[in-house]
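Structure assessment
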Amino acid sequence: MNAKNLSERLRLVASFAEQGTVLADIGSDHAYLPCWLIQKGQISRAIAGEVVKGPFESAKRNVAKEGLTDKVTVRLANGLQAIFADDGVETVTIAGMGGALIASILDNDAEKLTGVKRIIVQPNIHAMAIRVWAVSNSWKILNESILKEDHKIYEVLVLERGNRSYTPEELLMGPILLQERSAVFLEKWQGELTEISRVIDVLTQSAQSEEAKVKRQQLSETKDMIERVLKS
C-alpha cells in the first residue's frame, strides 16, 4: 500500500469524504489517505496528525515525495490536538484503531470538532463504543459499511450532527448494517457468537467470583440478542 494504491478498507473510508472538503486524518501513519484523496481531487486540503514520531517522520517524507507539502500539513500531535482553529477542518477521519480508543480521542478534545460536519471512522473492533459516543454527543449515524480484506472484517461508520436514538441491537450491530444484512455482516456476527459462547463456557467452568458471574450474565444477554437477530 502507498499514496497511489490504497488498501480496500481505506478506499472505503475515502469514499465517504465529500467533494472539496478540508480533512483531518487522525493517526494518519504514512499519510496515505490524505495524499490519495488530494491526488484524486476529492478534497481541497488536509491535516495528517500522528502522535508517534516514527510514523510522523514517515508521513512527512511521503507528503514531500508526492509533492503535496502545499496541500497536506503533517503535525506531531495527540489525537484531535492536530487540528488548529484556523484550519477550517470539516471532515475528520480516524482509521485502524479500536472503537473505544477512537471514542476517547473524539471525547478528549471535543472542542476541536466545533466546525466539523462529518466524522468517518474505521474501528478494528468494538464499533459499538463509537455509536454510544455518537448518541451521547449529538451525532447520528449517516451511513455504515462492512467489508472483508485479508481475512479480517472491518466496519466503517459515517457520523453527521443530529440527535437520534438506537435500539440495543442497533448500537451493537449497526442500524444500517442490520438492515442490509450482508454476507460479511452475517459472517462477522456468527464469529462473534462463537467467541462469546466460548468465553461463557470458560467463565462457567472457572471459579465463580461475583465479577465472573456479572460478566457471564452480560455475555449471555449479548448472545441472546445476537441469536435473535441472526434468526430473524
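You'll find the structure just up there.
Cut-offs applied
- Residues numbered from 1 in each chain as written.
- Predicted model: local features only at pLDDT ≥ 70, side-chain atom pairs only at ≥ 80, totals over all residues.
- Heavy atoms only, no water.
- Helix = DSSP H or I, 4+ residues; strand = E, 2+ residues; numbered from the N terminus.
- Rg over C-alpha atoms; globule rule 2.2 N^0.38 Å.
- Buried < 20%, exposed > 50% of the residue type's maximum accessible area, 1.4 Å probe, protein only.
- Contact = heavy atoms within 4.5 Å.
- Lys, Arg positive; Asp, Glu negative; His and termini not counted.
- Charge placed at Lys NZ, Arg CZ, Asp CG, Glu CD.
- Salt bridge = Lys/Arg side-chain N within 4 Å of Asp/Glu carboxyl O.

Glancing now at the overall build of the protein chain. Helices and strands together make up the secondary structure of the protein chain, namely nine helices and seven strands. For 232 residues, the compact-globule estimate of 2.2 N^0.38 gives 17 Å, and the protein chain sits close to it at 19 Å. Across its three principal directions, the C-alpha atoms of the protein chain cover 60 × 35 × 35 Å. Here the protein chain, with 232 residues, has 47% of them falling under the buried criterion. A sequence separation of at least 24 residues applies to 67% of the contacts in the protein chain between residues at least 6 apart. Side-chain charges of the protein chain comprise 29 positive and 31 negative groups, with the mean position of each set lying 3 Å from the other.

Attention now goes to the pattern of salt bridges. A full pass over the atoms with the stated rule returns 13 salt bridges. In this structure, the salt-bridge partner of Glu 155 is Lys 188, at a minimum N-O distance of 3.4 Å. Here Glu 155 is found in strand E7 (residues 152–161), whereas its partner Lys 188 is found in helix H8 (residues 183–205), with 33 residues between them in sequence. With respect to burial, Glu 155 and Lys 188 carry one shared label: buried. In the salt-bridge network here, residues are joined through shared partners; they are Arg 131, Glu 144, Glu 155, Lys 188 and Glu 192.

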